[in-house]
Amino acid sequence: MTKNILIVPGDGIGQEVTAVGKKVLDKIAAKFGHTFTYDEALIGHVAIEATGNPLPDETLTKMKKSDAILFGAVGHPKYDNDPTAKVRPEQGLLKMRKELGLYANLRPIKLFDELLGASSIKPEVLKGADILFFRELTGDIYFGEKGRKNNGDTAFDLAEYSRYEVERIARKAFEAARTRRKKLCSVDKANVLETSRLWREVVQKIAPDYPDVEVEHQFVDAAAMILIKDPRRFDVVVTANLFGDILTDEASQIAGSMGMLASASVGDGTGVYEPIHGSAHDITGKGVANPLASILSAALLLDISFGMKAESKTIISAVDKVLKAGFRTRDIADAQTPADKVLGTSAMGEEVLKHI
Ligand code: IPM
Ligand code: MG
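Residues numbered from 1 in each chain as written. Chains lettered and ligands numbered in written order. Predicted model: local features only at pLDDT ≥ 70, side-chain atom pairs only at ≥ 80, totals over all residues. Heavy atoms only, no water.

Visitor: Please provide a residue-by-residue account of the nonpolar core, values included.
Guide: Counting 88 residues, the largest nonpolar core has Phe134, Ile254, Leu292, Leu302 and Val352 as the members making the most contacts within it. Here the element with the most residues in this core is helix α11 (residues 292-306); it accounts for 9 residues. Discounting residues that sit within four places of it in the chain, phenylalanine 134 has contacts with Asn105, Leu106, Ile169, Lys172, Ala173, Ala176, Val236, Val237, Val238 and Thr239. Membership of the second largest hydrophobic core comes to 15 residues, among which are Val8, Leu60, Ile69 and Leu93. (Core = buried A, V, L, I, M, F, W, Y, C linked by side-chain atoms within 4.5 Å. Buried < 20%, exposed > 50% of the residue type's maximum accessible area, 1.4 Å probe, protein only. Helix = DSSP H or I, 4+ residues; strand = E, 2+ residues; numbered from the N terminus. Contact = heavy atoms within 4.5 Å.)

Laid out in structure tokens, this is it:
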């Protein structure tokens, strides 16, 4: 197959890990006889520095034209402590999601057995945990009207959902549950929020279309607790944008580290594949960032956007072998890891390449 992949490294460690993800794509192309062509584009802080715009038009045009996007991260500490900044890196990310119609964010939480000890949760609670989150990505409090009133002394963010927005993500989650353990948990706050009551109503209404899937509803506070207490209880989880943002960071600890988790954002247009970790400026430029989330994002890209199942499995099994061989980046190493097995970003990438 011939495919055109847009590389959008963004900010901080996004640059370092995406370079490794791209090498893995290259190796797959060589092994399986595909032709991948690449282009690059700017987003986030680096785009603001270069053009004044966190999502330049040129980037958006390239995104719409490509077959898939391998994405890094956006963010810069300089904005985090400046709430008055009008132009922010994250605006680029949110606009991209909206413009490309990426309403479904898939975040698979799967623990590689070798990393049982890397989590702060007890191994006996964790073993076998395997959750697929469907986070709604283009609605909710993220995209509603926001502003100030009372001379700036009062602020508001409107949370809004329409029936069709809930239905399309819920259907995707139901369909995914069918291919897994056939359990779906819908997470909301229907005891308090009107948007959540609509959410629950829609999920209940379409549930009869999937009689083979067992549905449960949990309030978000309870779901946050169950994730740590008994993560194996969940199979597919579907939830709104803000709840999904928070719960998936929490759930990353089930996989040992944020540095392990990949995600896919799909919907109407080109799919975007990215690590769930951020730009991590505290470790940027040190060559220690874990590239496995970007590598696993490349695996998701091949599987979901190109339907290349064998290619995707080859990557996942290469990662598994590298972990079995004892190699770790700093974030997933523990006291027992011998010093010579603790690798930097590119050395870890090289180990994975050897097994493809
Ligand atoms: C994520 C991130 C983003 C979000 C930020 C960077 C705007 O936390 O992708 O989870 O909140 O969606
Ligand atoms: Mg987040």
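Visitor: Please provide a residue-by-residue account of helix α12 (residues 309-324), values included.
Guide: In this model α12 runs 22 Å from its N-terminal to its C-terminal C-alpha over 16 residues, within 8% of the 22 Å that 1.5 Å per residue would give. Taken residue by residue, α12 has Glu311, Ser312, Thr314, Ile315, Ala318, Val319, Val322 and Leu323 as its buried positions. (Expected span 1.5 Å × (residues − 1).)

Visitor: Just give me the short version of the environment of phenylalanine 327, but keep the residues and values in it.
Guide: Along the chain, phenylalanine 327 turns up in the loop between α12 and α13 (345-354). We classify phenylalanine 327 as buried; its relative accessible area is 16%. In this structure, the C-alpha to C-alpha distance between phenylalanine 327 and alanine 104, residues 223 residues apart in sequence, is 33 Å. In this structure phenylalanine 327 touches Val322, Lys341, Leu343, Met348 and Glu351, once residues within four positions along its chain are discounted.

Visitor: Lay out helix α8 (residues 194-206) with the relevant residues and their values.
Guide: Given a rise of 1.5 Å per residue, 13 residues ought to cover 18 Å, and the 19 Å separating the end C-alpha atoms of α8 matches this to within 8%. Of all the residues in α8, the buried ones are Thr195, Ser196, Leu198, Trp199, Arg200, Val202, Val203 and Ile206. The elements touched by buried residues of α8 are β5 (130-136), α7 (163-178), β8 (183-188), β9 (214-219), β10 (236-239) and α10 (241-251).

Visitor: If you had to explain the pairing of β10 to someone new, which residues and values would you point to?
Guide: On β10, burial covers both faces: Val236 and Val238 on one face and Val237 and Thr239 on the other are all buried. With 4 bridges connecting them, β8 and β10 associate as parallel partners. Within β10, the residue paired with serine 186 across the bridge is valine 238. (Pairing = 2+ DSSP bridges.)

Visitor: Now, about the sheet that holds strand β3 (residues 68-73): what can you tell me, with residues and values included?
Guide: Taken in spatial order, the 10 strands make up an open sheet running β2-β1-β3-β12-β11-β4-β5-β10-β8-β9, and their pairing is mixed. For this open sheet the edge positions go to β2 (35-40) and β9, each flanked by a neighbour on one side alone. Here the strands of the sheet are splayed against their neighbours by 25° on average, with no regard to which way each runs. Docked against the sheet, helix α1 (residues 13-32) engages β1 (2-10), β2, β3 and β12 (272-275), running at close to 150° with respect to β3. (Axes fitted to C-alpha atoms, helices over the stretch in contact; angles between N-to-C directions.)

Visitor: Summarise the pattern of salt bridges; cite the residues concerned and give the values.
Guide: Pairing between side chains of opposite charge can happen when the charged atoms of each approach one another. Tallied over the full model, the rule gives 24 salt bridges. One salt bridge in this structure joins arginine 171 and glutamate 167, with 3.0 Å as the shortest N-O distance. Linking arginine 171 with glutamate 167, this pair stays in helix α7, spanning 4 residues, or about one helical turn. Taking relative accessible area as the criterion, arginine 171 reaches 24% and is therefore assigned partly exposed. (Salt bridge = Lys/Arg side-chain N within 4 Å of Asp/Glu carboxyl O.)

Visitor: Tell me about the packing of aromatic side chains, and please be specific about residues and values.
Guide: For the structure on display, the rule yields 3 aromatic pairs. Sitting over the ring of phenylalanine 327, lysine 341 keeps its end group 4.5 Å from the ring centre. (Phe/Tyr/Trp six-rings, centres within 6.5 Å; stacked < 30°, edge-to-face > 60°. Lys NZ or Arg CZ within 6 Å of the ring centre and 35° of its normal.)

Visitor: Describe unusual backbone geometry, with residues and values.
Guide: At asparagine 150, a position not held by glycine, the phi torsion is positive, near 50°. Tracing the sequence through the fold places asparagine 150 in the loop between β6 (146-149) and β7 (154-157). Owing to a relative accessible area of 51%, asparagine 150 belongs among the exposed residues under this scheme.

Visitor: Go over the site of ligand 1, please, and point to the residues and values.
Guide: As a structural note, the neighbourhood of ligand 1 is formed by Glu90, Leu93, Arg97, Arg107, Arg135, Tyr142 and Asp245. Here arginine 97 contributes a side-chain N or O atom positioned 2.8 Å from an oxygen atom of ligand 1. Within the contact set of ligand 1, an oxygen atom lies 3.1 Å away from a side-chain nitrogen or oxygen of arginine 107. Relative to its free-state accessible area of 320 Å², ligand 1 is covered by the protein chains to the extent of 76%. Here the shell around ligand 1 gets 3 residues from one element, more than from any other, and that element is helix α5 (residues 89-99). Per-class residue counts for the shell around ligand 1 are 2 nonpolar, no polar and 5 charged. (Near = heavy atom within 4 Å. Polar contact = N/O pair within 3.5 Å; in protein donor to acceptor, adjacent residues only side chain to side chain. Areas by Shrake-Rupley, 256 points an atom, 1.4 Å probe, with all protein chains shown as cover. Nonpolar A, V, L, I, M, F, W, Y, C, P; charged D, E, K, R; others polar.)

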